[in-house]
Amino acid sequence: MTATTEATGGPVVAQQTAGGMPAHHIAIFAGLLVLLIAAPFFFYPIFIMKILCFALFACAFNLLLGYGGLLSFGHAAYFGMASYVCAHAAKVWGLTPELAIICGTLVAGVLGFLIGSLAIRRQGIYFAMITLAFAQMVYFFSLQAEFTGGEDGIQAVPRGHLFGLIDLRSQESLYFLVLAIAFAGILLIYRIIHSPFGQVLKAIRENEPRAISLGYRVNRYKLAVFVLSATLAGLAGATKAIVFQLASLTDVYWTMSGEVVLMTLLGGMGTVFGPIVGAAVIVTMQNYLATFGAWVTIIQGLIFVVSVMLFREGIVGVISKWTRKPL
Amino acid sequence: MFELLGIPPQALFGQLLLGLINGSFYAILSLGLAVIFGLLNIINFTHGAQYMLGAFVTWMLLNYLGVNYWWSLLIAPVAVGITGVILERLFIRRLYHLDHLYGLLLTFGLALITTGIFKQIFGVSGLPYQAPPLLSGGHNLGFMYLPNSRAWVIIASAVVCLATWFVIEKTKLGAYLRAATENPTLVGAFGVNVPLMITLTYGFGVALAGFAGVLAAPIYAINPVMGENLIIVVFAVVVIGGMGSILGSIVTGFGLGLIEGLTRVFYPEGSAVVIFVIMALVLLVKPAGLFGRTA
Amino acid sequence: MKSRFVLAALAGVLMSGTAYATDVKIGVMNDRSGIYADIGGEGSVIAARMAVEDFDAASKDINVEIVSADHQNKPDVGSNIARQWYDTEGVDVIADVPTSSVALAINEITREKNKIFLNSGAATSDLTGAACSPNTIHWTYDTWQLAHGTGGAMVENGGKTWFFLTADYAFGHALERDTSAVVKEAGGEVVGSVKTPFPGTDFSSFLLQAQASGAQVIGLANAGGDTVNSMKQAAEFGITQAGQAIAGLLVFINDVHSLGLDVAQGLVLTESFYWDMNDGTREWSARFEEQTGNKPSMIQAGVYSAVLHYLKAVEAVGSKETEAVMAKMKEMPTDDPLFGQGVVREDGRKIHDSYLFRVKTPDKSEGEWDLYETVATIPADKAFRPLEEGGCEFVK
C-alpha cells in the first residue's frame, strides 16, 4: 500500500542496525514485558489476555498490510477457523492445550495458503473484495458445519494441563502462557520484518514492477507473507479459544475482519508497536462501551473516518514522527 | 410428464424467474459500484448502507409525510444521491491523491456509522411497508403465481440498467465521462468541470443503490442490516464480472441471479455460497473477471 | 454535650436502619441493540425493576440493585461481562440472556462460579438437558415446548401434512427434527423440507417449493429476521390465501406486531404468555406499557416472574447463599399474576401452561396489540419435556 510510504517517507526511515534490534526497540519491548507481568495485579487478567490475543492478531495483520502492502478484508477467517479447530481439538479429541493451539494454527496456515493463492491473482481493492468474499464463505461453512456447533459455537472448552503438567485452570498459569505466546509471536513478526525477506516485501510494496524487473518472484513473496500472516492470526485465534473456553461465530464474521483493520489503522500501520496500541485501545473501548449497544458500531465507524481523514499515521506513527525514531 | 432432474418444467420456469428478480438487485447494485469505480477508482463500501437508506427513506416518506410509493421511486434515490454528494464533497474528495485503499476504509467507516445510527433509532426487527394497490395482488402465469411487486422489480431494474448503459455508452455526456476516466487532466483542459462531474457521478452511483432500496421496500424486510450481507455478495459479483464494462456488470448481475436461483432448487444448502464458488473458479481461469480488462 | 451524644446515637440508629440484612445484585444481560432487543432489551430491565417494587424488597430488609449489559448476541462478549460481574462486581444473579449460544456460555460460567442463572430469553432445551446445571433455572419457554405445542396441536386441529422451511444451521435442524417427531407421533406426515441459507433475505423460491408440495402446513423452522422475511413473502405470494397454513416455530408477539396483521394473519404459534389473558396479566401489562410503550413479550414477563420468585426465596431463606436459595426456589411453588401457579422442577425447568395462538385477521383486531386468539391451552404437565427424557445428569 503506497500510503505507508507517506507514513514512513519522512525523516523517519526504519534503519536496520547491523547488530539487530535498535536500542530503543529493546527498551520498549522490555518495558512492555515488565508492564505486562505487573498488569494482572492491577487489572482484570482475562481482560489483559483478551488484549494480548488481539494485539497478536493485529500484529499478524499488520505484517500483511503494513509491510506486504496487501489489504485483506477477510482475516477473521483464519482467526476464527483456528479458534474452532483448537476448541474442537481440546474438547472432543482431548488434546493438551499446546497441541490444540498448534492444530488450530496449522489449519489457519493451510486455509491461508488456499485463499491466498487465489487472492494474490488480483491487486488492490480487488484483493480486498476477494478476501472478504472468501471469508464470508468460511463464515457460511462455520455456520453449517456440524463440528462448529452453528450459532452455539463450541462451548465449555477445557483449559486442560499445559504439557499435561501445568493446570491452566489457575488464572496465573494461563496468563503467563498467553503472555509468552503473544510475545513470542510479536517478536517473530519483528524478526520477519527485519529479515532479508522483509526487505524484499517492502521493495515489492513500494514498487512492484521494479521488484519484478530485479528478478524477484513477486507472487511467491506475496503468498509467503499471506500464509505467515494467516498462520499467526490463527495462533491468536486459537489462544483466544483457550482463554475464553469458547469458539463462536463472532470470530469468523466480517465485523471481526473490520475490527482488526481498525486496530492496525488506529495504532499505525507499518509500525512495529502500532497494532499493539490499536488493539489495546479498541478492546478497552469495546469493554467500556459494551452497555451502549449500537453506539459501539457508530464510534468504530467514526474512528475509521477520523483515522483515514486526519490521522493516517496512527497513534504510534505520530509518536514516531515526533520522536524521529522508527517505532 | 416430462421432468428435468425431477423438477417439472413449470416449476423450473418459476424458479428461473425468481432468480432473475434477485439478479435485478445484483445488477443495479453492481452497476452502481462500476459507475463509481470507473471515474473515482474507489470501491464504495457504503453501497449496502445506501441501499438500506433508500428503503428507509421510502418508508419514512410514506409514514411521516404520506408520500406514496410511486413518488418515492423518484424522491428516495434523489435524496440518497444528495447524501452521497455531501459525502463526496466532505470526505471522499480529499482522498483522491492517496492510495485507493483509503477510499475503501473510509467508506467502510461511513457504512458502520450509517448502519449504527439506524440501528439505534429503529432497532433491527424490521419495519413493514405496505405495497401500493397497483403492486399488491398478482397474476397467475400458469406455471406460477407472480406477484405484481416482483414483476415490477424486473421491469424497473431492466429499464434503469439499460438507460444507464445508454447514457454512458451512447451519449455525449457519457463520452465525457468515459474520457475523464481515461485522462481527467486532458478532459479538464477542454473546459469540462471534472471535479463536478466526479461528484455527480458518485451521487448517481449512490442514487442507483437508493433506487434498489426503494424496489426492495415492499418485498423484503426493511431493517438497518439489510444491505450488510448483500454488499459482500455484490462484491463477489463485481469480481466475477470485472468492473471494466457497464454492460458486463449488468449481464453478470442478472446471470448470477439465475444461477443462484437454480442452486436453490437443485442444492439449496449451497445457494448461499454458490456465487463465492463461481468467484473462485473465475479467479483460477480468468483473474481479470469475465468482462474485465487487465490493469 | 448531652444533646450532641443523643444526636450521634440517633444517627447511628438511622444508619443501621439503612444497612439491610441482605444485599443482592441482579444483572440483567440481554441484547439491547440487535435482533432480540425488542423482545428483551430495556423492557426486561424494567420488568426486573417492577418485580423488585411489587415484592417491596425494601420493607423486607433486602436491598436489591439491578445492573444491565448488552451481550450483542455474542457469546464471547456475554461471557466476558459475566466473568467480570461475578469476579469483580459482586453480581449474584444473572437474568434473561436471550440467544442460545450466549445462554449456554453463561450457564457454564455460572456453574463454575457457583452463582445463580435465571434464564428467560433463550430457546435451547439443552439448558435443562445435556447442559443442565444445578445453578440454572430455565424460566419461560424452550424449543421442545414450542415444537410440541405447535406441532402437536396443529395436527390435532387438522393440519396433517407438513413441509418445513428450515434455517440451515444447528438451531434450525434441531427445531425441524423435534417438530417432525411430534407431527409423526400425532399421526401427521412430513412431505418434505428445504434447507434455506441463514440468514436469508429471499425466501420466495423455497416458498414456491413448499407450495408445490401441497402440504397443509408450512412449518417455519427459523427465527428472527428469517421468520419475518418468510412471512412477508408468503403473504406476497398468496400462500395462506391459497389455503395452506403457516406455523411459526419461534415467533414472538413483537415479530407479529412488526409484521402487521395483514401479513401475519392466520399464523399459528406457541407462547407461554400473552398480555390479554386475564385481569392479572392485563393490569401488569398496562403498567409495563406505561413505562416502555409496548406490551410485554413472554420473555419480559418471564424475567418479572423469575426475579419475583428469586426474591421470595431469598426472603424465606434469610440469606443469598446459592445452594439454599436454589433449593428453596425448587421447593416453593411459584405464584404470580402473569404465569399463575407453577413449579420449578429439579432439573431447573420452570413448569407452567403453554398456549397455541392464532394471529387474528385485521377486521377482528380491536387495537394495536390485539393480535392473538387462543386455539388451545396445553396444560403444564404436558407442555414441557418430561424430566426423564431430558438426560440431565445431576438429577439421576
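Residues numbered from 1 in each chain as written. Chains lettered and ligands numbered in written order. Predicted model: local features only at pLDDT ≥ 70, side-chain atom pairs only at ≥ 80, totals over all residues.

Novice: I'm lost on the overall build of chain B in this one. Help?
Specialist: A count of helices and strands for chain B gives 11 helices and two strands. Along chain B, helices (α) and strands (β) appear in the sequence α-α-α-α-β-β-α-α-α-α-α-α-α when read from the amino end. For 295 residues, the compact-globule estimate of 2.2 N^0.38 gives 19 Å, and chain B sits close to it at 19 Å. Projected onto its principal axes, the C-alpha positions of chain B cover 65 × 50 × 35 Å. Expressed as a percentage of its 295 residues, the buried residues of chain B come to 58%. Taking contacts inside chain B between residues at least 6 apart in sequence as the whole, the part at least 24 apart equals 76%. (Helix = DSSP H or I, 4+ residues; strand = E, 2+ residues; numbered from the N terminus. Rg over C-alpha atoms; globule rule 2.2 N^0.38 Å. Buried ≥ 20, exposed ≤ 12 C-beta atoms within 10 Å, placed from the backbone. Contact = placed C-beta atoms within 7 Å.)

Novice: Would you mind showing me how to read the overall build of chain C here?
Specialist: Each helix and strand in chain C was counted, giving 15 helices and 15 strands. What you see for chain C is a C-alpha radius of gyration of 22 Å, in line with the 21 Å of a compact globule of 396 residues. Its C-alpha atoms give chain C principal-axis dimensions of roughly 95 × 50 × 35 Å. Scored against the burial criterion, the 396 residues of chain C give a buried share of 62%. Contacts in chain C between residues at least 24 apart in sequence constitute 71% of all its contacts with a sequence separation of at least 6.

Novice: Mind showing me how you'd approach the interface of chain A and chain C here?
Specialist: Interfaces are often described in size by the accessible area the parts lose on coming together. In this assembly, 19 residues from chain A lie in contact with 25 residues from chain C. Here the residues of the side of chain A that touches chain C sort into eight nonpolar, nine polar and two charged. (Nonpolar A, V, L, I, M, F, W, Y, C, P; charged D, E, K, R; others polar.)

Novice: What exactly am I supposed to notice about the sheet that holds strand S11 (residues 334-336) of chain C here?
Specialist: Residue and element names in this part refer to chain C. Taken in spatial order, the three strands line up as S11-S12-S13 in an open sheet, and their pairing is antiparallel. What marks the edges here is a single partner per strand, and that holds for S11 and strand S13 (350-351). As defined by bridge partners, strand S12 (residues 340-344) adjoins S13 across two bridges and the pair is classed as antiparallel. Within the sheet, the bridge partner assigned to Val-344 lies in S13 and is Lys-350. (Pairing = 2+ DSSP bridges.)

Novice: Would you explain the sheet that holds strand S5 (residues 136-138) of chain C in this entry?
Specialist: Backbone-to-backbone hydrogen bonds pair the strands of a sheet. The strands run either parallel or antiparallel. Residues and elements named next belong to chain C. Taken in spatial order, the five strands make up an open sheet running S2-S1-S3-S4-S5, and their pairing is parallel. Where the open sheet ends on each side, the last strands, each with one partner, are strand S2 (62-70) and S5. Averaged over all adjacent pairs, the angle separating strand axes in this sheet is 20 degrees, with direction ignored. Pairing geometry for strand S4 (residues 116-119) and S5, over three bridges, is parallel. (Axes fitted to C-alpha atoms, helices over the stretch in contact; angles between N-to-C directions.)

Novice: Hey, could you run me through the pairing of S4 of chain C in this one?
Specialist: Residue and element names in this part refer to chain C. Burial along S4 is two-sided: Ile-116 and Leu-118 facing one way and Phe-117 and Asn-119 facing the other are all buried. Bridge analysis of strand S3 (residues 93-96) against S4 gives four bridges, and the strand direction is parallel. From the neighbouring strand, Ile-94 faces S4, where its bridge partner is Phe-117. Regarding the hand of the β-α-β motif, the stretch spanning S3, helix H4 (residues 100-113) and S4 is right-handed. (Right-handed = clockwise from strand over helix to strand, strands pointing away.)

Novice: Looking at this structure, I do not really get the UniProt feature "transmembrane region" (unreviewed entry) in chain B. What am I missing?
Specialist: Residue and element names in this part refer to chain B. UniProt's entry tags residues 12-39, 73-92, 104-129, 149-168, 204-223, 230-259 and 265-285 with the feature "transmembrane region" (unreviewed entry), counted in the numbering of this structure. From the first C-alpha to the last, residues 149-168 spans 28 Å; its make-up is 100% helix and 0% strand. Note that residues 265-285 is 67% helix and 0% strand, and that its end C-alpha atoms are spaced 27 Å apart. (UniProt positions renumbered as here; feature names shortened; annotations may be inferred.)

Novice: Whenever I open this one, the interface of chain A and chain B confuses me. Can you help?
Specialist: Each side of the interface is counted separately: chain A has 34 residues, and chain B has 34 residues. Class assignment for the residues of the side of chain A that touches chain B results in 25 nonpolar, seven polar and two charged.

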